[in-house]
There are 2 protein chains.
Amino acid sequence: MNKPSIPKGTRDFSSAEMARRNYIFDTIRDVYALYGFQQIETPAMENLSTLMGKYGEEGDKLLFKILDSGDFLRGVDAAALTEGGTPRLAACICEKGLRYDLTVPFARYVVQHRDELTLPFRRYQIQPVWRADRPQKGRYREFYQCDADIVGSDSLLNEVELMQILDEVFRRLGIRVAIHINNRKILAGIAEIIGQADKIMDITVAIDKLDKIGLDGVNAELADAGLPAEAIERLQPIIQLSGTNEEKIATMRQALADSETGQKGIDEVEFVISTLGSVAPDMTAVVELDLTLARGLNYYTGCIFEVKALDAQMGSISGGGRYDNLTGIFGMPGLSGVGISFGADRIYDVMTTLDLFPAAATQTTQLLFVNFGPAEATYAMQALTACRRSGIRAEIYPDAAKMKKQMQYANARQVPFVALAGETEMANSSFTLKNMTTGEQATVNIQQLISAIS
Amino acid sequence: MNKPSIPKGTRDFSSAEMARRNYIFDTIRDVYALYGFQQIETPAMENLSTLMGKYGEEGDKLLFKILDSGDFLRGVDAAALTEGGTPRLAACICEKGLRYDLTVPFARYVVQHRDELTLPFRRYQIQPVWRADRPQKGRYREFYQCDADIVGSDSLLNEVELMQILDEVFRRLGIRVAIHINNRKILAGIAEIIGQADKIMDITVAIDKLDKIGLDGVNAELADAGLPAEAIERLQPIIQLSGTNEEKIATMRQALADSETGQKGIDEVEFVISTLGSVAPDMTAVVELDLTLARGLNYYTGCIFEVKALDAQMGSISGGGRYDNLTGIFGMPGLSGVGISFGADRIYDVMTTLDLFPAAATQTTQLLFVNFGPAEATYAMQALTACRRSGIRAEIYPDAAKMKKQMQYANARQVPFVALAGETEMANSSFTLKNMTTGEQATVNIQQLISAIS
């Protein structure tokens with residue numbers, strides 16, 4: 001029989017991996033809770049009518065569809081089976097799909113439960129999502145998202161708090177980061193002053209290459225993209241933008257003097273950065289106004305964030321932004337939202353690379369009792385119950401196997417302490433406690449055993 | 001536009017529900033970890049070849065199948081589309097399915113990762129499973145299972161520890177329970193001595209009705225089921241089995257004197273119950289030998305457990321047992337396992353009925369700062385940062401809305417404390433702290449604020 005396997009792009013998580021993943025999830029969860037966010041969960045399966053058309057044509061193709069149960073061909077006419085291609089047939093035989101992200105289910109949730117919710121609603125959600133992407137290194141077909149969003153409030157204090165959350169989570173995880181901030185309205189302003197609304201992606205991509213190809217290179221690329229000389233001329237202060245955030249803001253305010261939208265974007269960024277300076281002067285993260293940040297342009301409408309690790313080569317490890325009209329797609333217009341998301345897999349990789357997981361995060365069992373036979377096992381299990389009552393994670397080797405085998409088990413499991421009790425110890429109500437790291441042994445009673453490990 | 005909805009049999013969990021569910025999951029997780037169990041996770045999707053044929057014909061029908069992505073009709077000949085019925089077509093266009101339980105994926109995991117695992121392997125797993133069952137009250141198409149299993153050890157100490165876990169979890173949750181124990185070999189022994197191996201289900205079902213229909217009723221039902229008078233005669237001591245566990249064991253040992261298998265079953269139950277008495281004399285749960293317990297007869301081979309709440313009308317809220325040869329279906333024979341599973345949804349219902357959730361389990365935000373405008377908000381947010389650093393879950397209302405609206409928000413969210421700071425407080429570096437339960441107000445500085453809430 002062949003060794004069984006799992007679908008490509010999916011993963012099993014071993015207990016060592018789970019311990020480290022939980023360390024990340026628990027950190028994010030704790031910080032979200034400190035900031036008043038409330039956890040919700042939505043089903044893995046959504047109606048395809050909820051999901052289709054929300055992620056563009058490409059996204060529709062990446063949805064995992066679930067075959068209707070029972071006689072799924074009932075009512076499907078013979079022609080549909082062979083004509084019209086697979087998308088049409090899929091629509092006939094599949095009503096449900098696996099969620100593709102947490103944002104659309106959240107929008108659906110808000111609209112469906114509008115009468116039960118108190119606005120502004122601060123929710124967080126940590127659940128897997130599924131995408132039929134071509135699997136490759138670092139890209140999976142099942143992965144967790146860790147989202148926090150606030151809906152029903154236009155206040156920029158929400159942006160400020162989300163940046164504090166980004167700072168706090170990475171501070172706790174020990175990852176040094178830069179939080180890049182930009183604003184969709186600044187980008188719109190840039191496009192406006194040069195009269196090239198459709199070239200904004202070309203512009204940000206070219207500016208992003210300044211370090212690599214130099215000013216002449218950037219200007220050449222902009223010309224190749226079809227920008228007239230005059231537009232490129234007007235972009236010069238923006239391309240060469242440098243200095244502190246305050247200096248950048250001053251330069252941009254001047255460069256975008258003719259764009260009302262642009263001014264609004266600068267106001268927003270300035271408010272967020274200066275408020276952060278007042279309310280969180282001890283932030284660990286570097287905050288940086290970055291005009292090349294152009295994520296999610298088709299849905300973000302205000303501030304945009306992206307987090308990069310300073311000590312590891314890795315793309316964005318977290319990001320987010322402000323979107324107006326999240327729930328409009330489900331018939332509830334006028335509700336503004338702002339949110340962030342942590343990329344757990346990339347954070348995991350950064351922490352592994354930089355060796356940032358604390359030992360305690362990966363240690364499971366703290367104490368193993370060796371099993372010498374029925375009477376000794378009963379004696380050990382009485383102590384075991386006491387240890388667990390004191391919060392010690394402990395086991396007894398279930399079989400009276402050879403000593404060597406039991407010690408191998410302790411080593412393989414990386415159990416730091418082993419307790420042994422044979423006839424002598426039982427007669428003295430004691431245990432021999434072995435420290436597996438140092439090799440030291442000591443004779444202890446149950447209280448000493450517990451305090452040695454606690 | 002219609003209000004959006006979710007697939008039937010699935011659920012959204014609100015933040016209040018999530019808080020209570022997490023209270024249950026965290027309790028189970030903590031106890032599993034104390035007993036040295038290691039968490040793993042497996043993908044939601046498994047290859048259908050892994051799942052099919054493992055749950056009987058009925059189970060195969062209840063698997064959610066995932067339509068292959070891309071051109072799923074490629075290679076499917078026209079005849080298959082119309083002939084052979086839907087199961088054959090489904091097999092052509094679906095390679096993957098959603099997991100139906102956690103046991104088969106666990107068996108697959110053990111075989112696939114056999115070279116990385118140290119045996120005995122104690123794993124726990126808390127993840128959702130999916131079944132295309134007809135939805136009804138208390139039965140869902142997506143629900144969580146919380147399983148712990150030990151593979152690679154025949155020792156009955158594992159059974160003892162699993163019963164201790166059952167006891168500890170329900171003790172912590174505050175649910176008074178009886179743990180029913182039986183043994184597959186005792187049931188086989190009963191069938192053996194009366195020469196009616198195929199009647200064991202009829203017998204346990206009939207015995208289970210003793211309280212309701214009386215001894216004559218039970219005997220009549222056994223006769224209806226086709227048992228000869230002599231067999232019914234031999235069953236009398238078993239049907240009328242009563243007394244303490246020790247008395248029951250003594251009676252059964254005599255009744256099954258002619259069955260070696262039956263004696264073995266009694267030995268096992270006796271060992272588990274008496275060892276429990278020695279190592280966990282302070283157990284809270286009632287332990288009861290119950291011959292009518294006949295769950296999972298097609299896979300359990302030794303001890304069987306089932307937990308019932310004493311103070312609520314509800315089916316089994318937890319259960320498990322010993323199965324030999326779990327991994328044989330994947331080509332790795334000879335590995336014995338024993339495990340338990342908690343029914344989170346039923347436990348949730350019992351706890352709701354009995355009002356057992358502690359208030360702290362459902363409270364989210366502890367403190368809300370009222371927002372009186374930009375300057376006041378900055379002042380409040382400085383304090384907010386300090387509160388969060390002290391571990392207080394706190395928020396500021398993001399907009400400078402009317403006081404009434406902000407207080408309504410605090411009430412709706414059931415926030416127990418509200419802090420207010422206007423000009424006067426700002427001048428004195430103070431806050432007005434309002435206890436929302438008692439209505440009391442006090443002027444406090446930031447340290448007093450933090451200690452009042454911590």
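Each chain carries its own residue numbering, running from 1 in the direction its sequence is written. Labels follow written order: the first chain is A, the first ligand is 1, and so on. Where local features are concerned, this predicted model is filtered to residues with pLDDT of at least 70; where side-chain atom pairs are given and counted, the filter is 80 or more; whole-chain, interface and lining totals use all residues. Only hydrogens and water are set aside; all other atoms, that is, all heavy atoms of the structure, feed into the side-chain values.

Novice: Just to check I follow, could you spell out unusual backbone geometry for this structure?
Specialist: With glycine set apart, most residues show a phi of negative sign, and most peptide bonds adopt trans. All names here are of chain A. At the junction of Leu119 and Pro120, the peptide bond is cis and its omega measures out at -5 degrees in the coordinates. Positioned with a positive phi, Ser429 is a non-glycine residue whose angle comes to about 50 degrees. By secondary structure assignment, the location of Ser429 is in the loop between α18 (423–427) and β15 (431–435). Working definition: helices are DSSP H or I runs of at least four residues, strands are E runs of at least two. Numbering for both runs from the N terminus.

Novice: Help me understand empty space enclosed by the protein in this model?
Specialist: Any empty space left between atoms is shown by rolling a water-sized probe over those atoms. Using a 1 Å grid laid over the protein atoms alone, points where a 1.4 Å probe fits but cannot get out form a cavity; open sets with protein on both sides within 12 Å along at least 5 of 7 lines form a pocket; any residue with an atom within 4 Å of a point counts as lining. Grid points are joined across faces, edges and corners, and a volume is the space filled by probe spheres set on the points. Taken as a whole and judged by the stated rule, the model has 2 cavities of 30 Å³ or more. If you add up the space inside the largest cavity, you get close to 110 Å³. What lines the largest cavity is Leu34, Tyr35, Gln164, Asp167, Glu168, Ala280, Asp282 and Met283 of chain A together with Thr385, Arg388 and Arg389 of chain B. Of all elements in the fold, only α7 (157–173) of chain A together with α16 (374–389) of chain B reach the threshold of two or more residues within the lining of the largest cavity. In this count, Pro and Cys sit with the nonpolar residues alongside Ala, Val, Leu, Ile, Met, Phe, Trp and Tyr, while Asp, Glu, Lys and Arg are called charged and the others, Gly among them, polar. The residue makeup of the lining of the largest cavity, split by class, is 4 nonpolar, 2 polar and 5 charged. Each pocket or cavity is described by its volume, and for the second largest cavity that value is around 40 Å³.

Novice: Help me understand the pattern of salt bridges in this model?
Specialist: Whenever a carboxyl oxygen of Asp or Glu lies within 4 Å of a side-chain nitrogen of Lys or Arg, that contact is scored as a salt bridge. Under the definition given, this model contains 52 salt bridges over all chains. Arg171 of chain B serves as the salt-bridge partner of Glu168 of chain B, at 2.8 Å between the closest nitrogen and oxygen. Taken together, the positions of Glu168 of chain B and Arg171 of chain B, both in helix α7 (residues 157–173) and 3 residues apart, correspond to about one turn of that helix. Only protein chains enter the calculation, and the probe is 1.4 Å; a residue is then buried if its accessible area is under 20% of its type maximum, exposed if over 50%, and partly exposed in between. With relative accessibility at 6%, the residue Glu168 of chain B sits in the buried group. Across the pair Asp198 of chain B and Lys199 of chain B runs a salt bridge, and its minimum N-O distance is 3.6 Å. On the basis of relative accessible area, Lys199 of chain B is assigned to the buried category, the value being 15%. Three or more residues joined by partner-sharing salt bridges are found here, namely Arg122 and Glu161 of chain A together with Arg388, Glu395 and Arg413 of chain B.

Novice: Any chance you could explain the interface of chain A and chain B here in plain terms?
Specialist: Where interface size is quoted, it is often the accessible area lost as the parts come together. Between chain A and chain B, the residue contacts involve 102 residues of the former and 102 residues of the latter. Between chain A and chain B, a total of about 8700 Å² is buried, with carbon and sulfur atoms accounting for 58% of that surface. Linking chain A to chain B there are 12 salt bridges. Linking Arg122 of chain A and Glu395 of chain B is a salt bridge whose minimum nitrogen-to-oxygen distance equals 3.6 Å. We define a polar contact as two N or O atoms separated by no more than 3.5 Å, with the added condition that, inside protein, one atom must be a possible hydrogen donor and the other a possible acceptor, whereas residues neighbouring each other in sequence contribute only through side-chain atom pairs. Run the count over chain A and chain B and you get 44 residue pairs in polar contact (both at pLDDT 80 or more). Here the side of chain A that touches chain B gets 8 residues from one element, more than from any other, and that element is helix α16 (residues 374–389) of chain A. The residue inventory of the side of chain A that touches chain B, partitioned by class, reads 46 nonpolar, 31 polar and 25 charged. Contacts were defined at the residue level, with two residues in contact if any of their heavy atoms lie within 4.5 Å. Reported buried area values correspond to the accessible surface (1.4 Å probe) lost by two parts on association, with both partners' losses combined.

Novice: Honestly, the packing of aromatic side chains in this entry has me stumped. Any pointers?
Specialist: Two aromatic rings, taken as a pair, are described by how far apart their centres are and by the angle between their planes. Residue and element names in this part refer to chain A. By convention, a stacked pair of Phe, Tyr or Trp rings (six-membered ring in the case of Trp) has centres within 6.5 Å and planes under 30 degrees apart, an edge-to-face pair has planes over 60 apart, and any other such pair is tilted. On inspection of all chains with the given rule, the structure shows 28 aromatic pairs over all chains. Ring geometry for Tyr32 and Tyr124: centres 5.3 Å apart, planes at 40 degrees, overall tilted. With Tyr32 in helix α1 (residues 15–34) and Tyr124 in strand β5 (residues 121–130), this pair connects stretches of sequence that are 92 residues apart. Just as Tyr32 is buried, Tyr124 falls in that class too. Among the aromatic residues, those joined into a ring-pair cluster are Tyr32, Phe37, Tyr124, Phe170 and Phe342. One cation-aromatic arrangement involves Arg20 over Phe357; the distance from NZ or CZ to the ring centre is 5.8 Å. We note Arg123 situated over the ring of Phe106; from NZ or CZ to the ring centre the distance is 4.0 Å. Whether a charge sits over a ring depends on NZ of Lys or CZ of Arg being within 6 Å of the ring centre and within 35 degrees of the ring normal.

Novice: Sorry, what's going on with the sheet that holds strand β13 (residues 394–396) of chain B here?
Specialist: Strand pairs in the sheet, formed through backbone hydrogen bonds, run parallel or antiparallel to each other. Residue and element names in this part refer to chain B. Only strands that DSSP links by at least two bridges are regarded as paired with each other. With mixed pairing, the 5 strands of this open sheet are ordered in space as β13-β12-β14-β15-β16. Because the sheet does not close on itself, it has two edges, and the strands there are β13 and β16 (441–444). Here the average twist between neighbouring strands, direction ignored, is 25 degrees. Relative to strand β14 (residues 417–420), strand β12 (residues 367–369) runs parallel, the two sharing 3 bridges. The residue bridging Phe369 from the neighbouring strand is Ala419, located in β14. Most of the contacts of helix α19 (residues 446–453) go to strand β15 (residues 431–435), to which it runs at about 15 degrees, and overall it touches β12, β14, β15 and β16. Every axis corresponds to a line fitted to the C-alpha atoms, with the helix fit spanning only the stretch in contact, and the corresponding angles, defined between N-to-C directions, vary from 0 to 180 degrees.

Novice: Whenever I open this one, the environment of Leu48 of chain B confuses me. Can you help?
Specialist: Residues and elements named next belong to chain B. One can find Leu48 in helix α2 (residues 48–51). Using a relative accessible area of 8% as the deciding quantity, one classes Leu48 as buried. Along the primary structure Leu48 and Asp60 are separated by 12 residues, whereas in three dimensions their C-alpha atoms are 9.5 Å apart. Every residue in contact with Leu48, bar those within four places of it in the chain, is listed here: Leu63, Lys65, Cys94, Glu95, Lys96 and Gly97.

Novice: Can you help me understand helix α9 (residues 200–207) of chain A in this one?
Specialist: Side chains of residues three or four places apart in an α-helix project in the same direction, reflecting 3.6 residues per turn. Residues and elements named next belong to chain A. If you check which residues of α9 are buried, you get Ile200, Ile203, Thr204, Ala206 and Ile207. Within α9, the buried residues cover an arc of 165 degrees as seen down the axis, which keeps them to one side. On its buried face, α9 is in contact with α8 (184–193), α10 (210–224) and α11 (229–239). What the arc describes is the spread of directions from the helix axis to the C-beta atoms.

Novice: Teacher, can you tell me more about the sheet that holds strand β7 (residues 177–183) of chain A here?
Specialist: Residue and element names in this part refer to chain A. The 8 strands lie next to each other as β1-β5-β6-β11-β10-β9-β7-β8, forming an open sheet whose pairing is mixed. Each having just a single partner strand, β1 (38–39) and β8 (286–289) make up the two edges of the open sheet. Where strand β10 (residues 318–323) meets strand β11 (residues 337–342), 6 bridges bridge the pair, whose relative direction is antiparallel. Counted as the bridge partner of Ser318 is Phe342 from β11.

Novice: Which parts of the structure should I look at to understand the nonpolar core?
Specialist: Nonpolar side chains in soluble globular proteins tend to end up buried together. Core analysis: the largest hydrophobic core is formed by 264 residues, its most contacted members being Ile93, Phe342 and Phe369 of chain A together with Ile93, Phe342, Leu367 and Phe369 of chain B. The residues contacting Phe369 of chain B, other than those within four sequence positions of it, are Ala380, Ala383, Leu384, Cys387, Glu395, Ile396, Tyr397, Ala419, Phe431 and Leu449 of chain B. Side-chain atoms within 4.5 Å are what join buried Ala, Val, Leu, Ile, Met, Phe, Trp, Tyr and Cys residues into a set we call a nonpolar core. Among the nonpolar cores identified, the runner-up in size contains 14 residues, and Phe64 and Trp130 of chain A together with Leu98 and Ala132 of chain B belong to it.

Novice: Teacher, can you tell me more about the packing of α16 of chain A against helix α19 (residues 446–453) of chain A here?
Specialist: All names here are of chain A. Across the interface, α16 lies against α19 with an axial gap of 10 Å and an inter-helix angle of 45 degrees. The angle between α16 and α19 places the two elements in the oblique class. As for how α16 packs across α19, the hand of that crossing is right-handed. Contacts between α16 and α19 pair Ala383, Ala386 and Cys387 from the former with Ile446, Leu449 and Ile450 from the latter. Residues of the contact of α16 with α19, tallied by class, amount to 6 nonpolar, no polar and no charged. The scheme is simple: roughly parallel for angles under 35 degrees, roughly antiparallel for over 145, roughly perpendicular for 65 to 115, oblique for anything else. Left-handed describes a crossing in which the near helix is turned anticlockwise from the far one by less than a right angle; the clockwise case is right-handed.

Novice: Just to check I follow, could you spell out the relation of the copies chain A and chain B for this structure?
Specialist: Relating the two copies of this chain is a rotation about some axis coupled with a shift parallel to it. Laying chain A over chain B is done by rotating through 180 degrees and shifting 0.0 Å along the axis; what remains is an RMSD of 0.0 Å. In the structure described here, the two chain copies are related by an operation that fits a two-fold rotation axis. In terms of proximity to the rotation axis, the leading residue of chain A is Ile66 of chain A, whose C-alpha is 2.3 Å off the axis. Least squares is the method for superposing the copies, and the C-alpha atoms it fits come from residues with pLDDT of at least 70 in both.

Novice: How do you make sense of the confidence of the model for chain A when you look at a structure like this?
Specialist: In low-pLDDT segments, the atomic positions of the prediction should not be examined closely. pLDDT is a residue-level measure of predictor confidence that goes from 0 to 100. Across chain A, pLDDT averages 93, with 98% of residues at or above 70. The ipTM, which scores confidence in the relative placement of chains, is 0.93 for this predicted complex, and the corresponding pTM is 0.94.

Novice: Explanation requested: the state of the cysteines in the structure shown.
Specialist: Joining two cysteines, a disulfide is a covalent bond between their sulfur atoms. We call a pair of cysteine sulfur atoms a disulfide whenever their separation is within 2.5 Å. For the structure shown, the criterion picks out 0 disulfides over all chains. Of the cysteine sulfurs around Cys94 of chain B, a residue in no disulfide, the closest is that of Cys94 of chain A, at 7.1 Å. Take Cys94 of chain B: its relative accessible area is 3%, and that puts it in the buried class.

Novice: Help me understand the pairing of strand β11 (residues 337–342) of chain B in this model?
Specialist: Along a regular strand, successive side chains alternate from one face of the sheet to the other. Residues and elements named next belong to chain B. Counting buried positions along β11 gives 5 out of 6 residues, so the element sits mostly inside the fold. Note: strand β6 (residues 142–151) against β11, 6 bridges, orientation antiparallel. Residue pairing for β11: Ala148 is matched across the bridge by Ile340.

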